[in-house]
Structure formats: C-alpha cells, structure tokens
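# Examining the three-dimensional arrangement
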Amino acid sequence: MQESVPLNYYLILSAIFFVMGAVGVLTRRNAIIIFMSIEMMLNAVNLTFVSFSSYNSDPAGQMFVFFVMAVAAAEAAIGLAIVLALYRNQQTVYVDKVNLMKW
Amino acid sequence: MSLEIILFIVLGVMGIASGFVTITSKNPVVSAMALVFHFFMLAGLYLNMHAQFMAVLQVLVYAGAIMVLVIFVIMLLNLGDEEKLKEKFSIRTFVAVLFGIVLLIQFVIIFLASSGSNVLKESNIGSVEMIGNELFTNYLFPFEAISLLLLAAIIGSVILAKRKVD
C-alpha cells in the first residue's frame, strides 16, 4: 500500500486558493480581474468537494462540482456581458469609477 | 515519498504561484494566462485524486470555454495597465491582506481539527461511467434544471451585450 496525501493537505491547499481569490476581489479594481478572482474562489471550493468525494468514496461531491461548473459557465457569460454593457455606458471597467449609486 | 505526494507538492506550489500572479499582475492578459495555468494545475490535482472526469471537465470548461471568453472580452475592451489609479491603494491592500490572513488561519484551524479518512482508497467513482450513472438516475432533475439555467444565461447575455437597435 503506497502512502497517500492526507485529506487535510488538500483542504488547506484549497483554503489557500480561496483566500487568494478573496484578497484578489478586495484589492483589485479591474472588474475583469475581480471576475477572475471569483472564478478562483469557485475552483477552490470545487477542489474541496472533489477531495471529500474521493476520500469518502461518495460521488455526490463530484456531482456538485459538475453543477458548480455549469453555474460558473452561466455566471461567466452573464458577468462578461455586464462588463461589456458597463464599458459601453461608462467607458471604464474600473469599479472605483462606477459610483453612480454612491453619495 | 510516493509519486502521489511529489505530484501534490509540485502541483500545489505551482498552483499557488500562478494564483498569486493572477491577483497581482498589472496586465489583465498576463493575469488571464496565469489563471489558465492555475486551472491546469487544479486539473492535475483532480487527476491525483482519481477524479478523471472532473479533470477533463476542468480543462474543457474552465481553461477552455470560460477563459477564452474572458480573454476575448479583455481584447475587445483593449484594456491598458492598471497603473493610472494608484490613490488610496495602501490602506485597502493592507486591510484586504489582513482579512485574508485571518480567514486563512480560521480555515486552517477548522481543517486541522477535522478528522476524516486519510487514505485514498482505490475506487472508480471518478470514472465517466459512474458519473454518468449517477447523473442520469439520482441527479436527473438538477441536470435538467441546469440546462434551463444555461438557456436563460444564453438569452440574458445576448440581450445584455447587444447594442441598442433604433
């Protein structure tokens, strides 16, 4: 029996990925890079799902990853369409410059 | 050290490095390319856990479809570097990094306390056959519902992105 990676390592790696995505959302001002950071957070959660699924021999986790991917694809299409509409109306994608509802 | 552990370390370190480039690069195209690399590393990690179908989907859907869309939008908008707006930079970055460190510490405490099985059993739950079997029996209704969501997303994105026709 070969030794395998403990489950905790995968969970901590996915936590690092998630935190990197969260910091990216908070620090960056470019809407597209914020969007990519959100994709990174979704992927970190997917990694957690797959690792639990594999280590517990339960296919439910991989099913959830399948649905998360489908929702992420829908979100990508809609989000980028919103960025395009934003650029068309405001000539910018920097979220600091989009302050119409700020007083 | 078994091959599995070596692969985990290599993929993990490269995933962290490419993720770091993604969130720090000033150029959006470099950022997107680093994210594609990050997604490939995640696909490798899935393969390491015997989840073959998820690895293939990761490359096809994320590295293929979604990132092509993102890069296409970056090219379309012709974005320059983010250098021009540097004001109020330091305090925001400081707070965000502080938040990130606190969040990471919480995650690590929780995950170290959890006691799951630490041995990866030989199984075929990641194979296409098992996934398809589950998908079309136990998860048939969510599968159909997700197709409706995708249809709504297609129509919505077309309506949002189209120019006003007078």
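As a reminder, the structure under discussion sits directly above these lines.
All values reported here derive from a predicted model rather than from experimental measurement.

Cut-off values and rules
Residues numbered from 1 in each chain as written. Chains lettered and ligands numbered in written order. Predicted model: local features only at pLDDT ≥ 70, side-chain atom pairs only at ≥ 80, totals over all residues. Heavy atoms only, no water. Contact = heavy atoms within 4.5 Å. Buried area = accessible area lost by both parts, 1.4 Å probe. Salt bridge = Lys/Arg side-chain N within 4 Å of Asp/Glu carboxyl O. Helix = DSSP H or I, 4+ residues; strand = E, 2+ residues; numbered from the N terminus. Nonpolar A, V, L, I, M, F, W, Y, C, P; charged D, E, K, R; others polar. Buried < 20%, exposed > 50% of the residue type's maximum accessible area, 1.4 Å probe, protein only. Core = buried A, V, L, I, M, F, W, Y, C linked by side-chain atoms within 4.5 Å. Expected span 1.5 Å × (residues − 1).

### A word on the interface of chain A and chain B
If you look at the interface, chain A gives 74 residues, while chain B gives 84 residues. Broken down residue by residue, the surface that chain A buries against chain B is led by Met36(A), Met63(A) and Met69(A), which jointly contribute 9%. The interface formed by chain A and chain B includes one salt bridge. The salt bridge partner of Asp96(A) is Arg92(B), with a shortest N-O separation of 3.4 Å. Elements that contribute at least two residues to the side of chain A that touches chain B include exactly α1 (7-27), α2 (31-56) and α3 (60-90) of chain A. Of the residues forming the side of chain A that touches chain B, the biggest block, 23 residues, is contributed by α3(A). The residue makeup of the side of chain A that touches chain B, split by class, is 51 nonpolar, 15 polar and eight charged.

### Considering unusual backbone geometry
The backbone of Gln91(A) shows a phi angle near 55°, a positive value even though the residue is not glycine. Mapped onto the elements, Gln91(A) comes out in the segment after α3. In this structure Gln91(A) comes out as exposed when scored by relative accessible area, which is 54%. Residues other than glycine seldom take positive phi values, yet His50(B) does so here, at roughly 60°.

### Remarks on the nonpolar core
Ranked by size, the top nonpolar core spans 67 residues in total, and within it Ile32(A), Leu45(B), Met54(B) and Val70(B) carry the most contacts. Secondary-structure elements contributing two or more residues to this core are α1, α2 and α3 of chain A together with α1 (3-24), α2 (28-48), α3 (52-77) and α5 (128-135) of chain B. When residues in this core are grouped by element, the largest group, 13 residues, is from α3(B). Beyond its immediate sequence surroundings of up to four residues, Val70(B) is in contact with Ile32(A), Phe35(A), Met36(A) and Leu80(A). Listed in part, the five residues of the second largest apolar core include Ala22(A), Val23(A), Met41(A) and Leu103(B).

### Here we look at α2(A)
All names here are of chain A. Taking 1.5 Å as the rise per residue, α2 with 26 residues should run 38 Å; its terminal C-alpha atoms sit 38 Å apart, in good agreement. Judged by how many residues are buried, α2 sits mostly within the fold: 20 of 26 residues are covered. In the segment just after α2, Ser57 is the residue with positive phi, at about 55°.

### Considerations on the environment of Val83(A)
Tracing the backbone through its elements, the reader meets Val83(A) in helix α3. What makes Val83(A) buried here is its relative accessible area of 7%. Setting aside its immediate chain neighbours within four residues, Val83(A) contacts Ala31(A), Ile32(A), Val93(A) and Leu77(B).

### Let's talk about the pattern of salt bridges
Counted by the stated rule, this structure contains two salt bridges over all chains. In this structure, Asp96(A) and Arg29(A) form a salt bridge, with 3.5 Å as the shortest nitrogen-oxygen distance. With Asp96(A) in the segment after α3 and Arg29(A) in the loop between α1 and α2, the pair connects residues that are 67 residues apart, well separated along the chain. Classification of Asp96(A) by relative accessible area gives partly exposed; the value is 26%. Because the salt bridges share partners, they merge into one network encompassing Arg29(A), Asp96(A) and Arg92(B).

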